[in-house]
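Chain by chain, the residues:
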Amino acid sequence: MAGPEFEVPALSDYTVVPKIKEGATAHLKTFPAAEPTQTYLGYPYELGEDWKERAIDRMGQILDKFRSVRVFMDACVHCGACTDKCHYFLGTADPNNMPVARQDLMRKVYRRYFTLPGKIAPWLVGAEDLTEDTLNQWHNYYHQCSECRRCSVYCPYGIDTAEITMAGREILNYVGIGQKYSSEILNKVQKIGNNLGLPGPALEDTLEGLEEDILDDTGVAVKIPLDVKGAEILLVTPSADFFSEPHVDSLIGYAKVFHAAGVSWTLSTHASEAGNFGLFNGNYETMRNVAMRIRDAAIELGVKRIIVGECGHAWRVAYAYWNTLTGIGWGGADEFSKQLQDQLDMRYPQPMHICEYTWDLIEKGALKFDKSQNDHRVITYHDSCNVARASRMGDEPGGQFTIPRNIIKAVANHFHDMPEGTIGEATFCCGGGGGMLTDDLIEARVKGALPRMNAYNSVVQKDKVNFLALICAICKAQFTKVLPYYGFDRGSVGGVHQLVSSAIKLD
Amino acid sequence: MTSLTVFFIGLFYFAALVLIGGVAYRIYEYSRTPAPLIIPTTPAPTTRSGVAMRMTREVVFFESLFKSNKWIWVFGWLFHVGLALVLFRHLRYFQEPVWFVVEFIQPFGKYASFAMVIGLAGLWARRFLVDRVRYISTPSDHLMLALLIAIGVSGMMMTFVAPTDIVALKAFALGLVVFDWHPLPNDLFLIAHLALVALLMIIFPISKLLHAPGIFFSPTRNMVDNPRERRHLAPWAAALDRNKN
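Per-chain numbering applies: the sequence of each chain, read as written, is numbered from 1 onward. Note on labels: chains are lettered from A, ligands numbered from 1, in written order. For a predicted model such as this one, the threshold for reporting local features is a pLDDT of at least 70, and the threshold for listing and counting side-chain atom pairs is 80 or more; totals across whole chains, interfaces and linings nevertheless cover every residue.

**Re the overall build of chain B**
- Put simply, DSSP marks the helices as runs of H or I at least four residues long and the strands as runs of E at least two long, and each gets a number from the N terminus on. Summing up its helical and strand segments, chain B has 12 helices and zero strands in all.
- If you list the helices and strands of chain B from N to C, you get α-α-α-α-α-α-α-α-α-α-α-α.
- In terms of overall dimensions, chain B has a C-alpha envelope of 70 × 45 × 40 Å along the principal axes.
- With 245 residues in all, chain B has 33% of them scored as buried. Burial is judged by counting other C-beta atoms within 10 Å of a residue's own C-beta: 20 or more means buried, 12 or fewer means exposed, and anything between counts as partly exposed, with every C-beta placed from the backbone.

And the structure:
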């Protein structure tokens with residue numbers, strides 16, 4: 001690994017709020033998207049003559065379509081409660097990474113063009129004209145937000161900067177400034193079926209290889225079926241699970257759980273991706289198009305249940321949005337929803353998280369474990385932001401915190417939580433979520449990981465923790481990359497189902 | 001009737017119209033704008049009554065702010081509770097006979113003004129002392145605090161230092177309500193107090209004071225966490241269902 005061209009923050013046991021340093025990350029620019037991918041998504045790829053009118057126009061449409069943005073633009077009182085809550089601010093000290101300041105980059109334009117005081121006395125209320133400089137700031141700082149919602153927990157009005165970031169990215173796209181990384185991924189997932197652009201035959205090959213590995217390892221013929229019509233369960237998982245380390249170990253874990261449960265299940269080539277970057281860009285139609293692949297696959301394969309693998313934002317989209325976007329869920333009375341509801345097994349929540357599924361089996365005593373297989377690991381658990389603050393597992397609020405921890409405790413002997421204020425709803429983002437998992441943003445990713453790394457460091461020091469368990473493909477990739485910057489072993493990160501995989505006893 | 005009285009009668013009718021009309025319009029605007037996706041900040045209540053409880057805790061105790069920052073919470077809560085008591089006490093100027101509860105609250109309402117002004121002063125101090133808050137403060141943030149403090153202090157001057165002709169004032173205030181107008185006492189603190197209050201009423205619907213109605217419409221706080229059980233569709237999103245499928 002080439003040495004970083006920036007200073008990696010020093011580790012400590014807890015994170016100190018820095019003094020602000022204006023412009024500290026003003027140089028961080030994610031690569032802009034090129035013509036072909038933007039055209040496919042229906043966006044221009046450069047600023048046109050009328051970019052300003054288009055931007056204001058789009059902002060107006062968003063204000064009319066999304067109550068969140070409309071209310072959040074008005075409600076902020078600049079109290080400062082959020083100013084020390086963002087991991088990117090804590091790691092970079094750039095004041096534009098304070099949630100309120102990030103919002104104000106848009107609010108100043110909103111005030112100028114959509115409010116009376118901003119029209120007549122802009123200097124009084126912090127209103128400013130929309131200029132190319134403003135767009136540049138947006139491009140910088142709306143790509144230094146992982147849409148993790150930590151600020152929304154602490155805002156007295158629940159203002160969620162993620163909603164503003166999404167709106168900002170949509171307006172940027174709409175005037176021709178896209179992000180290369182997200183734009184390419186949204187092309188691949190819609191054209192090929194997954195974010196990695198892994199075609200069907202390659203996927204088939206990979207899965208066969210994995211089946212052989214499991215057979216060699218355990219002596220048991222665990223199958224990883226693909227495109228099996230009439231299977232009971234469709235598993236939709238992030239494509240990183242198919243070949244990235246450590247992701248693939250969790251895929252093996254899911255396969256072993258299904259094997260032990262004795263159910264028929266399948267993956268789908270068409271829906272070989274749980275991730276949905278449409279969320280990150282704040283475009284409802286794109287997000288819907290990407291999500292619709294899951295519905296199509298479910299109908300085509302005739303499955304009774306849909307289960308989602310370890311992926312944070314995918315679980316948010318699946319849990320909170322699939323019913324709205326695609327009718328995967330219950331309660332819809334329209335033809336569109338009913339078509340799918342008639343097919344799905346009504347005894348279960350739809351969709352279901354793989355952790356809900358596994359924990360349910362554990363509670364029923366259907367799975368047997370040898371916990372000592374995980375004895376070389378001292379484990380802590382990282383709550384991924386979208387799971388923690390934008391979704392749920394089980395029937396009770398907070399199940400998203402207890403269920404994964406319960407699984408870990410059922411399959412391993414050594415577990416320690418990181419300090420209060422860094423887990424649960426207060427969890428710190430890995431630093432790579434929300435469309436930032438790209439090398440052009442590595443400085444923001446490394447610095448943004450600081451609060452999580454400090455919390456991890458504290459249990460490494462205190463409890464000799466050596467394994468960071470989690471359930472998100474982006475977190476896994478981010479930590480694998482970032483842990484070494486802080487002097488930790490990249491191999492100390494892995495999925496909850498990797499732990500399940502190590503301990504499960506198969507017949 | 002002096003020109004001062006006429007001016008203030010006009011001013012207060014105008015201010016009341018702007019306040020009520022403006023806030024009503026904002027509420028209409030918020031309520032007609034759909035929330036197309038279910039986005040409560042979780043863990044969130046799974047029932048309507050649970051959401052009502054969450055909102056009550058948020059509005060009465062500032063639950064999220066308490067989690068966030070104890071200094072802002074202390075000052076903010078002092079100010080808002082003080083203001084609530086003071087406002088409630090002021091009902092006595094608009095009713096005859098005065099309700100029992102308003103009578104009962106009178107002594108508390110008088111001293112609540114201290115809580116109110118101390119809270120405001122604390123919040124203002126943060127705008128100078130904390131570098132992060134200094135960075136985000138606009139001129140209007142400072143002026144808003146100055147305005148509220150000036151209203152509080154001018155009122156306290158009349159309560160504790162230089163009482164105004166309270167009988168005449170009540171006649172004036174009641175007169176506004178029943179359209180039977182009476183002269184306004186010519187008193188510096190009173191004139192200042194009333195003028196600033198009218199100004200506050202007028203800017204309410206176009207300022208950050210909209211956080212008051214806004215919180216009730218905040219989707220991260222007022223939505224039920226039940227997306228797997230209920231299909232939630234905004235009208236414009238439902239139109240996509242029909243067109244494409």
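**Overview of the overall build of chain A**
- Summing up its helical and strand segments, chain A has 25 helices and seven strands in all.
- Its C-alpha radius of gyration of 23 Å places chain A within 12% of the 23 Å reference for a compact globule of 507 residues.
- Along the longest, intermediate and shortest principal axes, the C-alpha atoms of chain A span 75 × 55 × 40 Å.
- Going through the 507 residues of chain A one by one, you find that 60% of them count as buried.
- The contact rule is simple: place each C-beta atom from the backbone, and if two of them lie within 7 Å, those residues are in contact. By sequence separation, contacts in chain A at least 24 residues apart represent 79% of the contacts at least 6 residues apart. A radius of gyration in this sense is built from C-alpha atoms; the matching globule rule multiplies 2.2 Å by the number of residues raised to 0.38.

**Side note on unusual backbone geometry**
- Here the amide bond leading from Glu245 of chain A into Pro246 of chain A is cis, since omega sits at 5°, within 30 degrees of zero.
- Along the chain, Pro246 of chain A turns up in the loop between α13 (240-243) and α14 (247-261).
- Omega for the bond connecting Thr42 of chain B with Pro43 of chain B falls within 30 degrees of zero, at 0°, which places this linkage in the cis form.
- Checked against the element boundaries, Pro43 of chain B lands in the loop between α1 (3-32) and α2 (48-61).
- A positive phi angle, close to 55°, is found at Glu147 of chain A, a residue other than glycine.
- Mapped onto the elements, Glu147 of chain A comes out in the loop between α8 (132-141) and α9 (150-154).
- C-beta crowding within 10 Å serves as the criterion here: with 26 such atoms nearby, Glu147 of chain A is assigned to the buried category.

**A word on the interface of chain B and chain A**
- Taken together, the contact between chain B and chain A spans 59 residues of the former and 64 residues of the latter.
- Listing elements by their share of the side of chain B that touches chain A, those giving two or more residues are α3 (63-68), α4 (70-90), α6 (131-136), α7 (139-161), α10 (211-217), α11 (219-222) and α12 (235-244) of chain B.
- Tallying contributions element by element places α6 of chain B first for the side of chain B that touches chain A, with five residues.
- Amino acids outside the nonpolar list (Ala, Val, Leu, Ile, Met, Phe, Trp, Tyr, Cys, Pro) and the charged list (Asp, Glu, Lys, Arg) are all regarded as polar, and Gly is one of them. Across the side of chain B that touches chain A, the residue classes tally to 28 nonpolar, 18 polar and 13 charged.

**Quick look at the nonpolar core**
- By convention in this section, buried Ala, Val, Leu, Ile, Met, Phe, Trp, Tyr and Cys residues joined through C-beta atoms within 7 Å make up a nonpolar core. Counting 196 residues, the largest nonpolar core has Leu234, Ile294, Val308, Ile379, Ile408, Ala469 and Leu499 of chain A as its most contacted members.
- Looking at which element gives the most residues to this core, the answer is helix α17 (residues 312-326) of chain A, with nine residues.
- Setting aside its immediate chain neighbours within four residues, Ile379 of chain A contacts Ile408, Ala412, His414, Phe415, Val465, Phe467, Ala469 and Leu499 of chain A.
- Membership of the second largest hydrophobic core comes to five residues, among which are Phe172, Leu184, Leu190 and Leu194 of chain B.

**Topic: helix α12 (residues 200-218) of chain A**
Residue and element names in this part refer to chain A.
- Between its first and last C-alpha, α12 extends 27 Å over 19 residues, near the 27 Å set by a 1.5 Å rise per residue.
- Among the residues making up α12, those that are buried are Leu203, Leu210 and Ile214. The arc that holds the buried residues of α12, viewed along the axis, is 40°, so those residues lie on one side. Turned more than 90 degrees from where α12 packs its buried face, Pro201, Asp205, Glu212 and Asp216 sit exposed.
- Its buried side turned inward, α12 meets α13 and α14.
- Backbone geometry just after α12 places Gly219 at a positive phi near 75°. Expected helix span is taken as 1.5 Å per residue step, with the number of steps being one fewer than the number of residues. Read the arc as the range of directions from the helix axis to the C-beta atoms.

**Brief notes about the pairing of strand β1 (residues 233-236) of chain A**
Residues and elements named next belong to chain A.
- Residues Ile233 and Leu235 point to one face of β1 and Leu234 and Val236 to the other, with burial holding for every one of them.
- Any two strands between which DSSP finds at least two bridges are classified as paired. The sheet contact formed by β1 and strand β2 (residues 265-266) spans two bridges and is parallel. When the bridges of β2 are listed, Ile233 appears paired with Trp265.
- One ladder, built from four bridges, connects β1 with strand β3 (residues 305-308); its direction is parallel.

**Considerations on the domain arrangement of chain A**
All names here are of chain A.
- Domain boundaries in chain A define domain 1 (46-177), domain 2 (186-360) and domain 3 (368-503).
- Where each domain begins and ends follows an automated or database-derived domain assignment. Each of domain 2 and domain 3 has a C-alpha centre, and these two points are 22 Å apart.
- Contact with domain 2, which involves 30 residues of that partner, is made by 31 residues of domain 3.
- Taken together, the elements giving at least two residues each to the side of domain 2 that touches domain 3 come down to α13, α14, α17 and α19 (354-363).
- It is α14 that contributes the most residues to the side of domain 2 that touches domain 3, eight residues altogether.

**Focus: the sheet that holds strand β6 (residues 467-470) of chain A**
All names here are of chain A.
- Across the sheet, three strands lie side by side as β5-β6-β7; this open sheet has parallel pairing. Edge positions in the sheet fall to β5 (379-381) and β7 (493-495), since each of these pairs with one other strand and no more. For this sheet the average axis-to-axis angle between neighbouring strands, irrespective of direction, equals 35°.
- With three bridges connecting them, β5 and β6 associate as parallel partners. Paired with Tyr381 across the strands is Ala469, a residue of β6. Angular values range over 0 to 180 degrees, each being the angle between N-to-C directions of two axes fitted as lines to C-alpha atoms, with helices fitted over their stretch in contact.

**Considerations on the sheet that holds strand β4 (residues 352-353) of chain A**
- One open sheet accounts for four strands, arranged β2-β1-β3-β4 (chain A); its pairing is parallel. In this open sheet, the two edge strands, each paired with only one partner strand, are β2 and β4 of chain A.

**Considering the environment of Arg377 of chain A**
Residue and element names in this part refer to chain A.
- As for its placement among the helices and strands, Arg377 is situated in the loop between α19 and β5.
- You can call Arg377 buried: it has 20 C-beta atoms within 10 Å.
- Spatially, the C-alpha atoms of Arg377 and Gly91 are 29 Å apart, while their sequence positions differ by 286 residues.
- Ignoring anything within four residues of it in the chain, the contact list for Arg377 reads Ala412, His414, Asn466 and Phe467.

**A look at the pairing of β3 of chain A**
Residues and elements named next belong to chain A.
- Burial along β3 is two-sided: Arg305 and Ile307 and Ile306 and Val308, pointing in opposite directions, are all buried.
- Examined bridge by bridge, β3 and β4 share two bridges and lie parallel to one another. Counterpart to Ile307 in the pairing with β4 is Met352.

**Some thoughts on helix α24 (residues 473-482) of chain A**
Residues and elements named next belong to chain A.
- Most of α24 is tucked away, with nine of its 10 residues classed as buried.
- Here α24 has its buried residues at Ala473, Ile474, Cys475, Lys476, Ala477, Gln478, Phe479, Lys481 and Val482.
- Against α13, α14, α17, α22 (442-448), β6 and β7 lie the buried residues of α24.

**Points about the packing of helix α16 (residues 284-301) of chain A against α17 of chain A**
All names here are of chain A.
- Between α16 and α17, whose axes approach to 10 Å, the crossing angle comes to 90°. Considering the angle they form, α16 stands roughly perpendicular to α17. Contact residues: α16 offers Met287, Arg288, Ala291, Met292, Ile294 and Arg295, while α17 offers Val317, Tyr321, Trp322, Leu325 and Thr326.
- Here the residues of the contact of α16 with α17 are counted per class, giving eight nonpolar, one polar and two charged. Any angle between 65 and 115 degrees counts as roughly perpendicular, while under 35 counts as roughly parallel, over 145 as roughly antiparallel, and the rest as oblique.

**Some points on the packing of α7 of chain B against helix α9 (residues 188-203) of chain B**
Residue and element names in this part refer to chain B.
- Where α7 meets α9, the closest approach of the two axes is 9 Å, and the angle between their N-to-C directions is 150°. For the pair α7 and α9, the crossing hand works out as left-handed. Side by side, α7 and α9 meet where Leu147, Ala150, Ile151, Ser154, Gly155, Met157 and Met158 of the first sit next to Phe189, Leu190, Ala192, His193, Leu196, Val197, Leu199 and Leu200 of the second.
- Class assignment for the residues of the contact of α7 with α9 results in 12 nonpolar, three polar and no charged. Crossing handedness is read from the near helix: turned anticlockwise from the far helix by less than a right angle, it gives a left-handed crossing, and turned clockwise, a right-handed one.

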